[in-house]
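Structure assessment
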Amino acid sequence: MSINRREFLWGSSATAVVPAVRNLDVLAEISGNNPQMPEPVQITTPFTWDAGNTRFSFEFLDKRLRISSVLPIGVSALNGLPTPTDTSGLETALLCTGENADDHHGMKFTGGMPGGRMLFSGKAEGSTATGKQLILTHIDPALSLKVESIYESFDNLPVVRRSTRVTNLGDKVVGIEYLSSAMLHNLAAPRDFEQDLLVHYAFNTWQAEGQWHTSRPSQVGFIDNGNFTCSSASFNSLGTWSTQKYLPMGLIENKKLGVIWFWQIEHNGSWHWELSNTSAKAIYAYIGGPDAQHSQAWKSLKPGESYQTVRVGLGCVRGGVEQAVEALTQYRRTACIRPHSANHRCPVIFNDYMNCLEGDPTTEKELPLIDAAAAAGCEYFVIDAGWYAERSENWWGSVGLWQPSKTRWAPGGLKSVMDHIRSKGMVPGLWLEPEVIGINSPLKSKPDSWFFIRHGRRVIDHSRFLLDMRNSEVRAYLDSVVDRMVGDYGAGYIKMDYNVDGLEGTELRADSFGQGLLEVNRALLSWHDGILNRHPDLTIENCGSGGGRMEYAMLSHLQLQSSSDQEDYRKYPAIVVGASAGVLPEQLAVWSYPMATDRSAAASFNMVSAMLCRMHQSGHLAKLLTESMDQVKNGIRIYKEEIRPHVPESHPFYPLGFTDITDSSSPIALGMRSPRRTFVAVWRLTGEEKIHLPKLPDDLRVLYPTDLGILAEEDGDGWTLTFPRPYMACILTT
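Residues numbered from 1 in each chain as written. Predicted model: local features only at pLDDT ≥ 70, side-chain atom pairs only at ≥ 80, totals over all residues. Heavy atoms only, no water.

**Digging into the overall build of the protein chain**
Scanning the protein chain for helices and strands turns up 14 helices and 41 strands. By the compact-globule yardstick of 27 Å for 734 residues, the protein chain fits well, its C-alpha radius of gyration being 27 Å. C-alpha extents for the protein chain along the principal axes are approximately 85 × 70 × 45 Å. Within the protein chain, buried positions represent 63% of all 734 residues. (Helix = DSSP H or I, 4+ residues; strand = E, 2+ residues; numbered from the N terminus. Rg over C-alpha atoms; globule rule 2.2 N^0.38 Å. Buried < 20%, exposed > 50% of the residue type's maximum accessible area, 1.4 Å probe, protein only.)

**So, the environment of His616**
Looking at the element boundaries, His616 is found in strand β33 (residues 614-617). The exposure class assigned to His616 is buried, which follows from its relative accessible area of 2%. With sequence-adjacent residues up to four places away left out, His616 is seen in contact with Ile349, Tyr493, Glu541, Leu560, Ala589, Val590, Trp591 and Ser592. A polar atom in the side chain of His616 sits 3.3 Å from the side chain of Tyr493. (Contact = heavy atoms within 4.5 Å. Polar contact = N/O pair within 3.5 Å; in protein donor to acceptor, adjacent residues only side chain to side chain.)

**A short note on the sheet that holds β33**
With parallel pairing, 8 strands are arranged side by side around a closed barrel as β21-β22-β23-β29-β30-β31-β32-β33. Between one strand axis and the next, the sheet turns through 30 degrees on average, direction left out of account. (Pairing = 2+ DSSP bridges. Axes fitted to C-alpha atoms, helices over the stretch in contact; angles between N-to-C directions.)

**Observations concerning the pattern of salt bridges**
Note on pairing: side chains with opposite charge can pair once their charged atoms come close. Under the definition given, this model contains 42 salt bridges. The residue Asp196 makes a salt bridge to Lys256 at a minimum N-O spacing of 3.4 Å. Of the two residues, Asp196 is situated in helix α3 (residues 193-196) and Lys256 in the loop between β14 (249-254) and β15 (259-266); the sequence distance between them amounts to 60 residues. A salt bridge links Lys495 to Asp384; its shortest N-O distance comes to 3.0 Å. Of this pair, Lys495 sits in strand β29 (residues 493-496) while Asp384 sits in the loop between β22 (380-383) and α9 (414-423), placing them 111 residues apart in sequence. The pair formed by Lys495 and Asp384 is uniform in burial state, with each residue classed as buried. Connected via shared salt-bridge partners are Lys299, Lys302, Glu305 and Asp511. (Salt bridge = Lys/Arg side-chain N within 4 Å of Asp/Glu carboxyl O.)

**Some details on the environment of Ala142**
Summarising the element assignment, Ala142 is placed in the loop between β6 (131-140) and β7 (145-154). Separated by 28 residues in the primary sequence, Ala142 and Pro114 place their C-alpha atoms 8.5 Å from one another.

**Side note on the nonpolar core**
Counting residues in hydrophobic clusters, the biggest one holds 138 residues, and the most contacted among them are Ile383, Trp387 and Ile643. Counting 60 residues, the second-largest nonpolar core is a separate cluster that includes Leu65, Ile67, Phe120 and Trp261. (Core = buried A, V, L, I, M, F, W, Y, C linked by side-chain atoms within 4.5 Å.)

**So, unusual backbone geometry**
For the peptide bond that leads from Met113 to Pro114, omega is 15 degrees, which places it in the cis range. In this structure, Pro114 sits in the loop between β4 (94-96) and β5 (119-127). Cis geometry is adopted by the peptide bond preceding Pro411, which originates at Ala410 and carries an omega value of 0 degrees. Position of Pro411 relative to the elements: it lies in the loop between β22 and α9.

**A few points about the pairing of β22**
Side chains Tyr380 and Val382 of β22 all project onto a buried face; the interleaved residues Phe381 and Ile383 project onto the opposite face, where all are buried too. As defined by bridge partners, strand β21 (residues 349-351) adjoins β22 across 3 bridges and the pair is classed as parallel. Within β22, the residue paired with Ile349 across the bridge is Tyr380. As paired elements, β22 and strand β23 (residues 427-432) share 4 bridges and run parallel to each other.

**What about the confidence of the model for the protein chain?**
Interpreting fine coordinate detail is not advised for predicted regions of low pLDDT. Here the protein chain averages 95 in pLDDT, and 96% of its residues register 70 or above. Segment residues 1-21 is flagged for pLDDT under 50; beyond a separation of four residues in sequence, or across chains, it makes 36 contacts in the model. (pLDDT = per-residue confidence, 0-100.)

**Points about the sheet that holds strand β18 (residues 299-301)**
On the basis of which strands lie adjacent, the open sheet formed by 3 strands has the order β4-β9-β18 and antiparallel pairing. In this open sheet, the two edge strands, each paired with only one partner strand, are β4 and β18. With strand direction ignored, the average angle separating the axes of adjacent strands in the sheet is 40 degrees. Sheet topology note: the β4/strand β9 (residues 174-179) ladder contains 3 bridges and is antiparallel.

**Considerations on the packing of aromatic side chains**
Across all of its chains, the model carries 37 aromatic pairs by this definition. Relative to Tyr331, the ring of Phe154 has its centre 5.8 Å away and its plane inclined at 65 degrees; by these criteria the two rings are edge-to-face. In this pair, Phe154 is assigned in strand β7 and Tyr331 in helix α5 (residues 321-336), connecting sequence segments 177 residues apart. Per residue, the accessibility class of Phe154 equals that of Tyr331, and both read buried. Seen in terms of ring centroids, Tyr654 and Phe658 are 4.6 Å apart; in terms of plane orientation they differ by 45 degrees. Their pairing is tilted. For Phe658, a relative accessible area of 27% translates into the label partly exposed. Each member of the aromatic cluster is reached from another via a ring pair, and the members are Phe47, Trp49, Phe56, Phe58, Phe60, Phe120 and Tyr151. A cation sits over an aromatic face here: Arg162 above Tyr151, 4.5 Å from the ring centre. Directly above the aromatic system of Tyr727 lies the positively charged group of Arg570, at a separation of 5.6 Å from the ring centroid. (Phe/Tyr/Trp six-rings, centres within 6.5 Å; stacked < 30°, edge-to-face > 60°. Lys NZ or Arg CZ within 6 Å of the ring centre and 35° of its normal.)

**Points about the pairing of strand β30 (residues 539-542)**
Side chains Thr539 and Glu541 of β30 all project onto a buried face; the interleaved residues Ile540 and Asn542 project onto the opposite face, where all are buried too. For β29 and β30, the ladder comprises 4 bridges, and the chain directions are parallel. By the bridge assignment, Tyr493 is partnered in β30 with Thr539. Handedness of the β29-helix α11 (residues 513-534)-β30 crossover: right-handed. Here β30 runs beside strand β31 (residues 560-562); their pairing, made up of 2 bridges, is parallel. Residue pairing in the sheet places Glu541 in a bridge with Leu560 of β31. (Right-handed = clockwise from strand over helix to strand, strands pointing away.)

**A closer look at the packing of helix α13 (residues 600-610) against helix α14 (residues 626-643)**
Contact geometry of α13 with α14 gives a least axis separation of 8 Å together with a crossing angle of 25 degrees. Classified by the angle their axes make, α13 and α14 are roughly parallel. Like other packed secondary-structure pairs, α13 and α14 cross with a definite hand, here right-handed. Residues Ser600, Ala603, Ser604 and Met607 of α13 lie in contact with α14, whose contacting residues are Glu627, Ser628, Gln631, Val632, Gly635 and Ile636. Its residues placed into classes, the contact of α13 with α14 shows 4 nonpolar, 5 polar and 1 charged. (Parallel < 35°, antiparallel > 145°, perpendicular 65-115°, else oblique. Left-handed = near helix turned anticlockwise from the far one by under 90°. Nonpolar A, V, L, I, M, F, W, Y, C, P; charged D, E, K, R; others polar.)

See below:
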C-alpha cells in the first residue's frame, strides 16, 4: 500500500516525524543502539581520490565528510575559500520529510537535513573491469539511514560516473524529498563568481535541438547581491521527454583557474541541476534526478529498503568547452554505449519520411524509392510512419495494434515490400511508437493497470493513452509486436518514436507521481535490453519527435539518436553542431533530404550536414534532378570510403563556436578529429562569400563537393574559404 506524503507528515502518529538531531555525540550514541548501523570514523584525516587526471579532494568538519575541490591534478585550489559548515561542502545533499532545511535557501537545495549532519563511516576502494570504484559511506543514526556515495572511473579518463544509494536500517518509514546524484563545491571565490564563471548550457526543443548558450551567472539567475542569494541558476526537466527544454548537461568554466567542470545526467525522465551559493557564501552545484520539489517524486523509504539515484557522468579538465566535450565523448564511448556492430560500421540509412512520403507509404510509392536508394548506395531502408494504417484512416488516435495495412501494400502485402528491400542488398526497417495506445484503438479496453493514471483517471496526451512499462502484460504484448516485426516481416531496424509527454508521471503502485515515472523510466530501459538480448543484430533508433529524449540513459541502450524533425535544410547545420556536443558522432543520426526541385548546391548542402555523423538519407531520390542525384551518390561514396572509418573514433571541435538557429547570416563550422585524420564541415548561409577558419591544420583540401567552385586557401593563422553563392557547404580534410 502506498503511503501518502501528507499522511506521512501529518498523520495521527506523533512519532512519524523525527525531530532534528544535530549533536554529534548524541548521533554517535544513537548509532550504537542499532546493531545494523555502521560506526562513524574516529580518525578524520583529509584524503584524495584520482580519476585519470581529475583529483577529488575531501576534508572533514568534525566527523562529517566534505568535498573541498574537484580539479585537474596540478591545479591548486583558489585562495580565500570558505571553510566547510553544516550547509557547505556537502559530499551528498539529502533532505528527508519532517527534517529541517536549515538555511536561508528559498528554492535552493541547501541546508537539508540529515545531509548536513551525516557522520562519515568509511570508504571502500576496489578495481573494476574498466577502472576503479570508490564508495563513501555516511550514516544518520537519528533516522537509521546509511548513505553510500558511489564513484566509478574508466580507463584513466578525467570523468567519473556518480550515483548515491540510501538504505533504511531502521523500523520506521523515512520520506525522501531530495537526494543528490553528485555535488561540486568551491567553483569560484565567494565574491569573484560573477566575473570568473561562465555557464554553458543548451536549449533543446522540437526542430531546434542543441542550441548552446554561454552566460554569466547573473544572466541565468545566480546573482551576486553582496551577501548570499536565495535563488540559483536552475535547469530542470519534467516528464518522459527528458530533453524537451534543455540537454541534461552543464558546463561551468572558471576563466581565472583555466578549468571547466562538466556533467551529463543519464536519465530518461525528470532531472534537476542548480548553481548557487550557500549562506557561508560557498559556490556549489547540485546535480540530480527527480525530486519532490521539481518533479513530484517524493519517495517513501520503507524499513530495509534501498533507493538509488540516477547516474551522472562528471569531471573537470583544463581548458574550455571543446576540452570538456572531448572528455565526455571519450567517456560516452568507453562507459556508456552498448556494444553493437552498427556503432562501428556506420551504415547509410534511408528513411522514407522527411521531405518524402511523410507518413503515407504504399507499394507503388516505395518501389521506385527502394530502387533509387539502393542505386545511391544506401544500406538500410526504413519505412516510417503509416505502414499499419488504412488509407482512409486518421491513424494518430487509433495506433496500438501494429498490424500491416490491408489497403497500402497491394498486391503482395508488407512482407513483399520488405523482401524487395532485401533483394536490393539493403536491410529493411519499420517505424514504431510502442509506449502509447490511441484513444480510439481497440486496446483502449485494456484495464487501467496498463496505463498512466493521475487522480484516478487515465492520462491522455495528444489523443494517446500512455502505457505503464512496469506492467508485465504490457511488456509481453510489446515483445510480441517487436518479435513479429523482426521474425515475420524481416525488420532489421526499428525506429522507436515517442510523440507525447508523461509530465508528472503516474500514481499507480507508486509513492508519488514522480516516483511512478522514475519506475516506468527504468522499466522502459529494461524492456529495450530484453529486445536486444533476443535480437542482437537489430538496430534501434531513439526518436522523441526528433531529439526529445537525447540523453545517455536511452543512448546507453539504443544504437542511434534522431537529431531533429527540422524540415528546413538551411536551419539544420546549427542543430548538428550543437547536438554533437551531446551525442557521439557514431550515434547522431542527421537527415539529408534534398527536394525534387533542388539543384546541386542545395543537394550537396544537405549531404554535408550528415556526412560527419550518421547519415540518414531521405528526400524523393527517384524524382531528383540528375545533378542533385549525382551529388547524393558522390556524397555517400565519399562518406563510405573516406569518412565513416574515422567516425567511431573521432571527437568534435568547433572552429567558429556554436551558432544560433535564428541566425541566418553567420557561417557555421563543425570539425571532427580522429587519431588519423581531421574533417571540417563548413556552411555558408546568407552571409559573406569568404569565411575564415582559424587554427586549422596546414594540409587541408576540399573533399566534397569538388565541382561547385568552392575554394580553400591558406590564410594567416588558418584557412579562408570562398563560396560562390549563399547556402553552399563543403567538407575539408587533411
